[in-house]
Amino acid sequence: MNTKLERLTTNLKAALGDKIASLAEYVGEVTIVVKASDWLHVAHQLRDRPELGFEQLTDLCGVDYSEYGEGAWQGKRFAAVSHMLSISNNWRLRVRVFAEDDEFPMLDSVAEVWPIANWNERETFDLYGIIFSGHPDLRRILSDYGFIGHPFRKDFPLVGNVEMRYDPELRRVVYQPVSMENRVAIPRVIREEGYGA
Amino acid sequence: MPEIQNYTLNFGPQHPAAHGVLRLVLELDGEVVMRADPHIGLLHRATEKLAEHKIFLQAMPYMDRLDYVSMMCNEHAYVMAVEKLLGVEVPVRAQYIRVMFDEITRILNHLLWLGAHGLDIGAMTMFLYTFREREDLMDVYEAVSGARLHAAYYRPGGVYRDLPDTMPLYEVGKMTVHSEKDVAGMNSNRHGSVLDFIEDFTRRFPACVDEYETLLTDNRIWKQRTVGIGVVTPERALALGLTGPMIRGSGIEWDLRKTQPYEVYDKVDFDIPVGVNGDCYDRYLVRMEEMRESNRIIKQCVDWLRVNPGPVISENHKIAPPSRAGMKENMEELIHHFKLFTEGFHVPPGEAYAAVEHPKGEFGIYLISDGANKPYRMKIRAAGFAHMAAMDEMARGHMIADVVALMGTYDIVFGEIDR
């Protein structure tokens, strides 16, 4: 198994060279970070080069790093993380691409490389507000028609901003500011290293 | 000659063949589908966001509610991702139990798929037949976990408890109109342990699959509705991100249980059925054969579990709870128990992706932890999401009635697509 990962990292370095901003190996998985400007080019290389052979995009999702490690995060806020699978070589790869601008995150769409990215990017746009340039049909996919905001961002409250109820006087469904408060039963904590050992 | 315009049809979200809540906007030229635009998300519950606000153990039962017809397989991917980050060893007996229940789940899922697929395209009887066998497997679920559907049986580090020695029995006069003689007959295979009951099931089940096949495989109407419908070439299947029976139906021999084996799948003997033409009929044959293979795996697991007793959950009490008896005698165990169920365990910072061969395809959990007691980000890779995305391409050029056949062949469950 380890020789396989070594072969994958060697092939990646040979094929992509300085396009790889960083390469890490953890729990038997290889992760590379790619600059946003190189992403589309790298995606083509990853699929088309037989020594890499990532025919299938397993998943593409957004991540909002703004609260990572309780404020310890220094880098860019939004990233798109792709998982891909090579059936011919039987290995997997994770690619992380950070959006340059935190206020208006934008990345290249890879829907032309892997058609499945079409829906994954729609989902990422819907939940995180990352814009994919060159996407054929960037609509919301999971949230309601006319939804406001991007619900998976860390600054979006868990209970949401609006609630819906039937108004008997207006005789229709109305939206109003959410009336319940978010209770935290178990606080989120990060313990120092070696805690409880 | 009058101008003929395309007609837009709104299918669902409340339609018996929509398998839950799918709104499908179909652009039709006569009866031919020109474009299909699925509107998903009507069952979106933001499971991933909820998980970010729950400790790792509390997020686990949400998994049952994703694909609610293959509950334990979802749990499996989640606990595997957590275990990968924790680096915890799972006892071998727990691994065999997990494999056995994954396969029981696969049969459960395929039985529902077969019943619903049949019902969708006119084979009413299938549903009644398949639910007969599902009932037995549901009872197995109930016997081990206490719940027929939302089991919450797998835990990081193993499974919740060992297989019980008794099967619940039917009782006369309680919730049933059966006579004493009927009840005795219904209980005839329930007097042993759960393993005895499962073994009895594996003996009966191949004949049941034969029965289903008698009804459908050579049925002229069934073939008219499925042969040549929704053909996917192997190249397109890869590009569209299809997995599981969908990709095997197109002739690609890819099964995570064989190619990237997890737990003890490399120690059990089974085959991977593969289709040829990539149409609905081939995918039907693949799934039927998978049920037989699952049955074989279950049999092997039962044989192993009979002769190999042992622990079923990790002894590391920072992750898995200590025994009740231990808690009452040992102060340290009591503290472990208290910490585990209040604060929860902490997962070292890092990220992991764990995938299982789910009955519907590849089901994966991508987990990012920043060292806290709650996940920083959890992403669910649902097989159905990719299949649904392929709807537009696969439905184009087919008749409107074939859209229903396509939905049957995707084996759609909205719990996992909308998350």
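Everything below is about the structure shown above.
Report follows, based on the coordinates. (Residues numbered from 1 in each chain as written. Chains lettered and ligands numbered in written order. Predicted model: local features only at pLDDT ≥ 70, side-chain atom pairs only at ≥ 80, totals over all residues. Heavy atoms only, no water.)

**A few points about the overall build of chain B**
Along its length, chain B carries 18 helices and 8 strands. Considered along the principal axes of its C-alpha atoms, chain B spans approximately 90 × 60 × 40 Å. The buried share of chain B, taken over its 419 residues, is 62%. Residue pairs in contact within chain B that sit at least 24 positions apart in sequence constitute 70% of those at least 6 positions apart. Across chain B, the 45 positively charged side chains and the 60 negatively charged ones have centroids separated by 3 Å. (Helix = DSSP H or I, 4+ residues; strand = E, 2+ residues; numbered from the N terminus. Buried < 20%, exposed > 50% of the residue type's maximum accessible area, 1.4 Å probe, protein only. Contact = heavy atoms within 4.5 Å. Lys, Arg positive; Asp, Glu negative; His and termini not counted. Charge placed at Lys NZ, Arg CZ, Asp CG, Glu CD.)

**What about the overall build of chain A?**
Tallying secondary structure elements over chain A gives 3 helices and 9 strands in all. Moving toward the C terminus, one meets the helices and strands of chain A in the order α-β-β-α-β-β-β-β-α-β-β-β. Here the C-alpha coordinates of chain A stretch approximately 70 × 50 × 30 Å along the principal axes. Scored against the burial criterion, the 197 residues of chain A give a buried share of 47%. Counted over contacts in chain A with a minimum sequence separation of 6, partners at least 24 positions apart contribute 50%. Roughly 10,100 Å² of accessible area belongs to chain A as shown, and the carbon and sulfur atoms make up 52% of that amount. Of the charged side chains in chain A, 23 are positive and 30 negative, and the gap between their average positions amounts to 2 Å. (Areas by Shrake-Rupley, 256 points an atom, 1.4 Å probe, with all protein chains shown as cover.)

**Details of the packing of aromatic side chains**
Residues and elements named next belong to chain B. With the rule as written, the count across this model stands at 22 aromatic pairs over all chains. Here tyrosine 262 and tyrosine 265 contribute two aromatic rings whose centre-to-centre distance is 5.1 Å and whose plane-to-plane angle is 75 degrees, an arrangement assigned as edge-to-face. With respect to burial, tyrosine 262 and tyrosine 265 carry one shared label: buried. Sitting over the ring of tyrosine 154, arginine 98 keeps its end group 5.7 Å from the ring centre. In this structure, arginine 419 packs its charged tip against the face of phenylalanine 385, placed 5.0 Å from the ring centre. (Phe/Tyr/Trp six-rings, centres within 6.5 Å; stacked < 30°, edge-to-face > 60°. Lys NZ or Arg CZ within 6 Å of the ring centre and 35° of its normal.)

**Some details on the interface of chain B and chain A**
Contact residues are listed per partner, giving 63 residues for chain B and 56 residues for chain A. With both chains or domains summed, chain B and chain A bury close to 4,900 Å², and 55% of this area falls on carbon and sulfur atoms. For chain B, the biggest contributors to the area lost against chain A are Lys49, Glu351 and Tyr376 of chain B; these three give 15% of the whole. There are 11 salt bridges connecting chain B and chain A. Here glutamate 29 of chain A ties to lysine 84 of chain B by a salt bridge, and the two come within 2.6 Å at their closest N and O atoms. A total of 5 residues in the side of chain B that touches chain A trace back to one element, the largest contributor, which is strand β6 (residues 350-358) of chain B. (Buried area = accessible area lost by both parts, 1.4 Å probe. Salt bridge = Lys/Arg side-chain N within 4 Å of Asp/Glu carboxyl O.)

**Remarks on the sheet that holds strand β7 (residues 361-369) of chain B**
Residues and elements named next belong to chain B. Read across the sheet, 3 strands follow the order β6-β7-β8 without closing on themselves; strand pairing throughout is antiparallel. Here the strands that pair on one side only, and so sit at the sheet edges, are β6 and β8 (377-381). The mean inter-strand angle of the sheet, taken between neighbouring strand axes irrespective of direction, is 10 degrees. One ladder, built from 9 bridges, connects β6 with β7; its direction is antiparallel. Note that in β7 the partner of alanine 355 across the bridge is glycine 364. The strands that helix α3 (residues 71-86) touches are β6, β7 and β8; relative to β6, the one it contacts most, it runs at about 150 degrees. (Pairing = 2+ DSSP bridges. Axes fitted to C-alpha atoms, helices over the stretch in contact; angles between N-to-C directions.)

**Let's talk about the sheet that holds strand β5 (residues 91-98) of chain A**
Note: strands within a sheet are paired through backbone hydrogen bonds, in either parallel or antiparallel orientation. Residue and element names in this part refer to chain A. Strand order in the open sheet formed by 5 strands is β1-β2-β5-β4-β3, with mixed pairing between adjacent strands. Of all strands in the sheet, those bounded by a partner on one side alone are β1 (20-26) and β3 (56-64). Within the sheet, the average angular offset between the axes of one strand and its neighbour, ignoring direction, is 20 degrees. Summarising the sheet, β1 and strand β2 (residues 29-34) pair through 6 bridges and their orientation is antiparallel. Looking across to β2, one finds that serine 22 is bridged to valine 33. This element, helix α2 (residues 39-48), spans β2, β4 (78-86) and β5 of the sheet and lies at about 170 degrees to β5.

**Quick word on the pattern of salt bridges**
In total, this model carries 57 salt bridges over all chains according to the counting rule given. Of the charged contacts in the structure, one is a salt bridge between aspartate 155 of chain A and arginine 77 of chain A, with a shortest N-O distance of 3.3 Å. Of this pair, aspartate 155 of chain A sits in the loop between β7 (131-133) and β8 (162-167) while arginine 77 of chain A sits in the loop between β3 and β4, and the two are 78 residues apart along the sequence. For glutamate 103 of chain B, the salt bridge is made with arginine 106 of chain B, and the minimal N-O distance between the two is 3.0 Å. With a gap of 3 residues between them, glutamate 103 of chain B and arginine 106 of chain B both fall in helix α4 (residues 92-120), about one helical turn apart. When sorted by exposure, glutamate 103 of chain B lands in the same class as arginine 106 of chain B, which is buried.

This is a description of form; function is not addressed.
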